[in-house]
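Spelled out from the first residue to the last, the chains are:
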Amino acid sequence: MTLAATTAGPAARNDAATRPRPDGGIPVIDLGPFLAGADPTPVVERIAQVCSSVSFLQVVGHGIAPEAFDAVYRANDALLALPDAEKAQLGSPDGHPWRGLSTMRSPEGSPLVHRFQVCNYEDAATALAAGVPSRYGDYFARNVWPEQVEGLRASVLRCLAEMKRVGDALMELFARALGLPPEHFAPMLTHPVSDLAVNTYPAQPARDSTEPSLTFREHTDSGMLTVLHQRGDYAGLQVQGLDDAWVTVPIDPAALVINIGDLMSRWTNDRWPSTRHRVVAAADTTSTRASIATFHLPNVDTVIAPLEPFVGPDGPHYEPVTPYVWEAMFLARYRAPDPDNR
Ligand SMILES: O=C(O)CCC(=O)C(=O)O
Ligand SMILES: [Fe+2]
């Protein structure tokens, strides 16, 4: 299977002309009543509406205590306060771009975002022991846990587990919103290969241009569903609206930002777009920002093919793919000698 055959460009995923505009801002949905056992119909209807338009929303009433996020931010601050020589040792020992501590820099070399990322399986042995078939062992790179940072591992794993609970609840709501049985996705979420990344955006130097300065370039998320918590002095996350204008997502520490990733978009044959987003720097030179993003994926061997009800006369827009193959394609692109390929 070639990359070209399986990857549609952004235009195919975000057909602005055929989708209604969002009615301003990023919708906020209260999950509380649903999680407490109330009739899911109102929230399902709202999710169906939002996911088939801009496909970014915020949820409140998710039941995660603020302390779960605070503990991660606190430990992450301690991680970034380590001496540079120690931090330099905390990249992925396997050369995996999404494990350990990494820093994206501006062309001038100043840090734009520090990123500490882990998978919910520590390594291949842990994944296989948990029941992942052994032929997928090479999917798993090792997590990096600097033992000198007290509380990092415990807080990150707790937060990942709690955000996974919210992700699972959303997948049930997604199934309902797509007209599928509520448990449709559950068998595919028994050994999910989800990641958590803590993004830290330091203050940026003064600049002359009035153009927005990007600290995280425009992209779509490659997974199934992203659940993100944000905090900071300014709202920097921006989502590309259906008229191509950038909409800023306000910071609400009580809310989680939810967006659809490329795999969900493939599953729905583009009914639900994987929306482009980016992070812009603050207008001043002192404000900082951080986020905790969890990228939810199903089991590594889940075959993701456009679901039959969403395949129209033009046929499926995508060939089937598994997270295993999907990640291998991303890694091949990442490791390609031509940087324009990334
Ligand atoms: O920091 C943010 O708000 C967004 C980060 C992001 O888009 C990502 O990690 O994929
Ligand atoms: Fe993202």
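Our structure is the block above this text.
Just so you know, these numbers come straight off a predicted model, no measurement behind them.

Basis of the calculations
- Residues numbered from 1 in each chain as written.
- Chains lettered and ligands numbered in written order.
- Predicted model: local features only at pLDDT ≥ 70, side-chain atom pairs only at ≥ 80, totals over all residues.
- Heavy atoms only, no water.
- 1 Å grid on protein atoms, 1.4 Å probe; cavity = no way out; pocket = protein on both sides within 12 Å on 5 of 7 lines; lining within 4 Å.
- Points joined across faces, edges and corners; volume = space filled by probe spheres on them.
- Nonpolar A, V, L, I, M, F, W, Y, C, P; charged D, E, K, R; others polar.
- Near = heavy atom within 4 Å.
- Polar contact = N/O pair within 3.5 Å; in protein donor to acceptor, adjacent residues only side chain to side chain.
- Areas by Shrake-Rupley, 256 points an atom, 1.4 Å probe, with all protein chains shown as cover.
- Helix = DSSP H or I, 4+ residues; strand = E, 2+ residues; numbered from the N terminus.
- Donors = N, O, S within 2.8 Å, 3.2 Å for Na, K, Ca; no water.
- Buried < 20%, exposed > 50% of the residue type's maximum accessible area, 1.4 Å probe, protein only.

K.L.:
I'd like a rundown of empty space enclosed by the protein, residues and numbers included.
P.N.:
Within the structure shown, the criterion is met by 1 cavity of 30 Å³ or more. Considered as a void within the structure, the largest cavity measures approximately 40 Å³ in volume. Lys164, Asp168, Leu189, Pro192, Ser194, Met224, His296 and Leu297 are the residues that line the largest cavity. Class assignment of the residues belonging to the lining of the largest cavity gives a composition of 4 nonpolar, 2 polar and 2 charged.

K.L.:
Run through the site of ligand 1, naming residues and quoting values.
P.N.:
In the vicinity of ligand 1 there are 13 residues, among which Arg115, Tyr201, His219, Arg289 and Ser291 approach most closely. Note that an oxygen atom of ligand 1 is positioned 2.6 Å from one of the side-chain N or O atoms of Tyr201. In this structure, an oxygen atom belonging to ligand 1 sits 3.1 Å away from a side-chain N or O atom of His219. Compared with its free state, where it exposes 300 Å², ligand 1 has 97% of that area covered by protein. Contributing elements (two or more residues each) for the shell around ligand 1: strand E5 (195-201), strand E6 (214-219), strand E11 (277-280) and strand E12 (289-296). Of the residues forming the shell around ligand 1, the biggest block, 3 residues, is contributed by E12.

K.L.:
I'd like to hear about the coordination of the iron ion (ligand 2), residue by residue, with values.
P.N.:
Note on the iron ion (ligand 2): its protein donors are His219 (NE2), Asp221 (OD) and His277 (NE2). The metal-donor distances range over 2.1 to 2.2 Å. Mapping the donors of the iron ion (ligand 2) onto the primary sequence yields the spacing H-x1-D-x55-H. Taken as a pair, Asp221 in the loop between E6 and strand E7 (225-232) and His277 in strand E11 lie far apart in primary sequence, 56 residues in all. Accessibility classification places Asp221 together with His277 in one group, the buried group.

K.L.:
Outline the layout of surface pockets, listing residues and values.
P.N.:
Put simply, the second largest pocket is a space of about 210 Å³. Along its surface, the second largest pocket is lined by Ser106, Pro107, Glu108, Ser110, Leu112, Gln204, Pro205, Ala206, Arg207, Ser213 and Leu214. Residue composition of the lining of the second largest pocket, by class: 5 nonpolar, 4 polar and 2 charged.

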